[in-house]
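Listed here are the chains, written in short residue letters.
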Amino acid sequence: MAKITAIDKGSIGEELGLEVGDELIGFNGEKIVDILDYVYYDSQEFFTLNIKAKQGETVDIEIEKDESETLGLTLDESVELEPMRCKNKCAFCFVDQLPKGMRETLYVKDDDYRLSFVSGNYVTLSNIGQKELDRIVKLHLSPLYISVHAYDKDVKTKLVANPESAKVFEKMTYLARRGILMHTQIVLCKDFNDGDILRQTLDELYKLSPMVQTVAIIPVGLTCHRQELYPVKTFDKDSSGQIIDMVEKFNAEAGGNFCWCSDEFYIKAERHLPSYVEYGDFCQIENGVGLCAEFVNSFDEALSQVNGSDKLLEIAVITGQSFKGILAQCVSRLKDKYPNVTVRICDIYNDFFGRTITVSGLITPTDIIKQVKDMPKYTIIPSTMLREFTDTFLDGYTVPRLEEELKSAIKVSQGGESFVKLIDELTRLD
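Quantities reported herein were computed from a predicted structural model and do not represent experimental measurements.

Just checking my understanding: could you explain the overall build of the protein chain for this structure?
Each helix and strand counted, the protein chain has 14 helices and 14 strands in total. Expressed as a percentage of the 430 residues in the protein chain, the buried residues total 50%. Excluding contacts between residues fewer than 6 apart, the proportion of contacts in the protein chain whose partners are at least 24 apart in sequence is 70%. Total accessible area on the protein chain stands at roughly 20,700 Å², and carbon and sulfur atoms take up 49% of it. Across the protein chain, the mean location of the 48 positive side-chain charges is 6 Å away from that of the 70 negative side-chain charges.

What is the right way to read the environment of D374 from this model?
The residue D374 is located in the loop between α12 (365–371) and β13 (378–382) in this model. The class of D374 is exposed, set by a relative accessible area of 66%. The spacing of D374 and C93 is 281 residues in sequence and 38 Å in space, taken between C-alpha atoms.

Mind showing me how you'd approach helix α7 (residues 195–207) here?
Residues spaced three or four apart along an α-helix point in a common direction, a consequence of the helix completing one turn every 3.6 residues. Over its 13 residues, α7 runs 19 Å from end to end, which matches the ideal 18 Å to within 8%, given 1.5 Å per residue. Residues I197, L198, T201, L202, E204 and L205 constitute the buried set of α7. What you see down the axis of α7 is that its buried residues fit within an arc of 165°, all on one side. Counted as exposed and oriented over 90 degrees from the buried face of α7: D196 and K207.

So what exactly am I meant to see when it comes to the nonpolar core here?
As a rule of thumb, nonpolar side chains are buried together in soluble globular proteins. The biggest cluster of nonpolar side chains holds 41 residues, and the ones touching the most others in it are M172, L205, I217 and I243. Among the elements that line this core, the one with the most residues is helix α6 (residues 168–176), at five residues. Once you skip the residues sitting within four places of it in the chain, I243 turns out to touch L188, D194, L198, I217, F235, C261 and F265. Grouped together as the second largest cluster of nonpolar side chains are 25 residues, A302, F323, V331 and Y338 included.

I keep staring at the environment of F47 and nothing clicks. Help me out?
Of note, F47 is situated in strand β4 (residues 46–52). Once the C-alpha coordinates of F47 and K65 are considered, the two residues, 18 residues apart in sequence, prove to be 9.3 Å apart. Setting aside chain neighbours within four positions, we find F47 in contact with F27, N28, Y41, I61, E62, I63, K65 and L71.

Could you clarify how one ought to interpret the sheet that holds strand β12 (residues 341–348) in this entry?
Consider a sheet: its strands pair through backbone hydrogen bonds, and that pairing is either parallel or antiparallel. Strand order across the open sheet formed by four strands is β12-β11-β13-β14, with parallel pairing between neighbours. Two strands lie at the open edges of the sheet, namely β12 and β14 (409–413), each paired on one side alone. Neighbouring strand axes in the sheet, compared pairwise and without regard to direction, differ in orientation by 25° on average. By the bridge criterion, five bridges tie β13 to β14 in an arrangement that is parallel.

Which parts of the structure should I look at to understand the packing of aromatic side chains?
One pair of aromatic rings is described through two measures. These are the centre distance and the angle between the planes. Evaluation of the coordinates by the stated rule reveals 19 aromatic pairs. Ring pairing ties together the aromatic residues F27, Y40, Y41 and F47, which thus form one cluster. Residue placement shows R178 over the ring face of Y174; its charged tip is 3.6 Å from the ring centre.

Is there a simple way to think about the packing of α7 against helix α8 (residues 237–253) in this case?
Angle between the axes and distance between the axes are the two parameters that describe a pair of packed helices. Contact geometry for α7 and α8: axes closest at 11 Å, N-to-C directions at 20°. One element, α7, and the other, α8, form an angle in the roughly parallel class. Crossing geometry of α7 relative to α8 is assigned as right-handed. Contacts between α7 and α8 involve G195, L198, R199, L202, D203 and Y206 on the former and, on the latter, I243, M246, V247, F250 and E253. Each residue belonging to the contact of α7 with α8 can be placed in one class, and the counts come to seven nonpolar, one polar and three charged.

Honestly, the sheet that holds strand β8 (residues 182–188) in this entry has me stumped. Any pointers?
Reading across from one edge, β7-β8-β9-β10 is the order of the four strands in this open sheet, with parallel pairing throughout. Looking along the sheet, the strands with just one partner apiece sit at the ends: β7 (144–147) and β10 (259–261). Averaged over neighbouring strand pairs, the angle between their axes works out to 20° when direction is ignored.

I tried to follow a negative patch on the surface on my own but got confused; where do I start?
Together, D8, E14, E15, E45, E64, D66, E67 and E69 give the surface a local cluster of negative charge. Following the sequence through the fold, D8 ends up in the loop between β1 (2–7) and α1 (12–15).

Hey, could you run me through the pattern of salt bridges in this one?
Summed over the entire model, instances satisfying the criterion amount to 24 salt bridges. Between K89 and D96 there is a salt bridge, with its nearest N and O atoms 3.3 Å apart. A residue is classified by how much of its surface remains accessible, and K89, at 46% relative accessible area, is partly exposed. For K171, the salt bridge goes to E164, with nearest N and O atoms at 2.9 Å. According to the relative accessible area criterion, E164 is partly exposed, its value standing at 24%. Each of D34, D37, D112, R114 and R135 takes part in a single network of salt bridges with overlapping partners.

Teacher, can you tell me more about the pairing of strand β5 (residues 58–64) here?
It is a general feature of regular strands that their side chains alternate between the two faces of the sheet. Strand direction decides the pairing type here: β4 and β5, joined by seven bridges, are antiparallel. Bridged to F47 within β5 is I63. Linking β4 back to β5 in an antiparallel pair, the connection comprises five residues, with G56 at a positive phi of about 115°.

Any chance you could explain helix α4 (residues 130–139) here in plain terms?
Those residues of α4 that fall on the buried side of the exposure criterion are L133, R135, I136 and L139. Viewed along the axis of α4, the buried residues span an arc of 160°, placing them on a single side of the element. Tucked into the core, α4 has its buried residues touching α2 (35–42), α3 (113–119), β7 and α6.

Calculation criteria
Residues numbered from 1 in each chain as written. Predicted model: local features only at pLDDT ≥ 70, side-chain atom pairs only at ≥ 80, totals over all residues. Heavy atoms only, no water. Helix = DSSP H or I, 4+ residues; strand = E, 2+ residues; numbered from the N terminus. Buried < 20%, exposed > 50% of the residue type's maximum accessible area, 1.4 Å probe, protein only. Contact = heavy atoms within 4.5 Å. Areas by Shrake-Rupley, 256 points an atom, 1.4 Å probe, with all protein chains shown as cover. Lys, Arg positive; Asp, Glu negative; His and termini not counted. Charge placed at Lys NZ, Arg CZ, Asp CG, Glu CD. Expected span 1.5 Å × (residues − 1). Arc of directions from axis to C-beta. Core = buried A, V, L, I, M, F, W, Y, C linked by side-chain atoms within 4.5 Å. Pairing = 2+ DSSP bridges. Axes fitted to C-alpha atoms, helices over the stretch in contact; angles between N-to-C directions. Phe/Tyr/Trp six-rings, centres within 6.5 Å; stacked < 30°, edge-to-face > 60°. Lys NZ or Arg CZ within 6 Å of the ring centre and 35° of its normal. Parallel < 35°, antiparallel > 145°, perpendicular 65-115°, else oblique. Left-handed = near helix turned anticlockwise from the far one by under 90°. Nonpolar A, V, L, I, M, F, W, Y, C, P; charged D, E, K, R; others polar. Patch = residues over 30% accessible without salt bridge, like charges linked within 9 Å, V, L, I, M, F, W, Y side chains within 5 Å. Salt bridge = Lys/Arg side-chain N within 4 Å of Asp/Glu carboxyl O.

Structure (structure tokens):
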């Protein structure tokens with residue numbers, strides 16, 4: 001049961017005479033599990049509301065409403081989503097490769113189908129059974145985001161160290177046949193789940209289309225903190241090119257807009273990235289698929305719309321090794337509108353996690369402070385360096401603390417458009 005803590009004025013809950021302190025037992029005679037039950041039924045037209053009044057009596061209320069109308073109830077924390085823990089021991093798990101002393105939340109391994117639906121977290125489905133599968137279908141938790149890695153059961157079990165994880169295709173087939181859309185990812189380890197294994201995995205995923213809508217292929221990320229972990233290899237220039245060739249060919253055969261390599265593969269292979277239009281709806285951008293193309297496109301669109309400025313100004317921009325070349329190309333185009341703006345690109349080597357980690361989102365102030373000096377008045381960083389909705393970096397530093405260390409005011413860019421707008425705003429200060 002969940003206690004009602006507030007009721008919106010003018011809502012159906014108020015019209016029914018429900019009171020703060022009443023308890024919501026469930027719907028249609030089934031007990032409430034978590035907030036997703038409430039969200040689902042609140043969007044339905046016909047159902048029975050099971051209530052235990054604070055005076056003690058139990059009542060069943062028949063509800064008939066429009067889908068857009070809401071019960072207007074706020075429930076207590078008993079229905080909040082407490083993340084289900086991961087039961088796998090993946091050879092490539094990034095959490096297992098973290099150094100000690102970071103934020104406690106970074107060491108939590110969740111594998112929760114509910115957070116997949118709510119937040120887009122990738123899950124393996126290895127800790128759920130038929131009961132949870134039926135609940136996904138009943139509540140129509142769609143789309144889900146699923147980590148696949150390999151179709152071959154022996155390879156998958158070896159990679160994830162959990163036999164249950166090898167059943168992922170059986171569970172995905174069950175969901176696909178019942179109308180659940182899925183986006184998928186494959187974390188690729190060299191000489192492990194690439195080559196023929198990758199081709200087989202793509203073949204099997206495509207058999208589940210259109211319910212399996214997209215596939216992202218991502219190179220394994222290896223830090224320098226892999227003590228006593230299973231030996232895993234990542235990709236070099238030549239092997240990255242081979243993966244790109246295979247995936248692009250498969251995507252073309254599938255009609256496009258099905259599978260892509262992450263930007264990191266193209267950067268490793270020193271290949272030109274696909275054009276903006278080749279990424280469709282950018283459903284896999286959180287996996288670094290099309291992130292560079294989206295940045296460049298929004299940068300160019302924003303640059304075409306500003307008037308520019310003749311003001312003399314120097315700005316520093318902090319980035320990782322993988323993005324520095326693309327950022328430099330964008331910065332060169334600023335000169336047409338901002339001829340007197342000097343942008344100093346500070347491309348940081350990642351010694352905190354190891355130099356095989358090259359993405360901007362894993363750069364920490366620990367490395368920034370060691371590698372830059374004499375910073376200008378303003379410094380721009382990408383939002384990916386910060387924990388979402390906070391000003392905190394991976395190593396626990398905050399933006400104000402880094403500003404104090406660098407003696408530079410830090411501005412946070414949300415992408416290409418935001419970057420141009422920041423430049424424009426800074427030229428108009430003072």
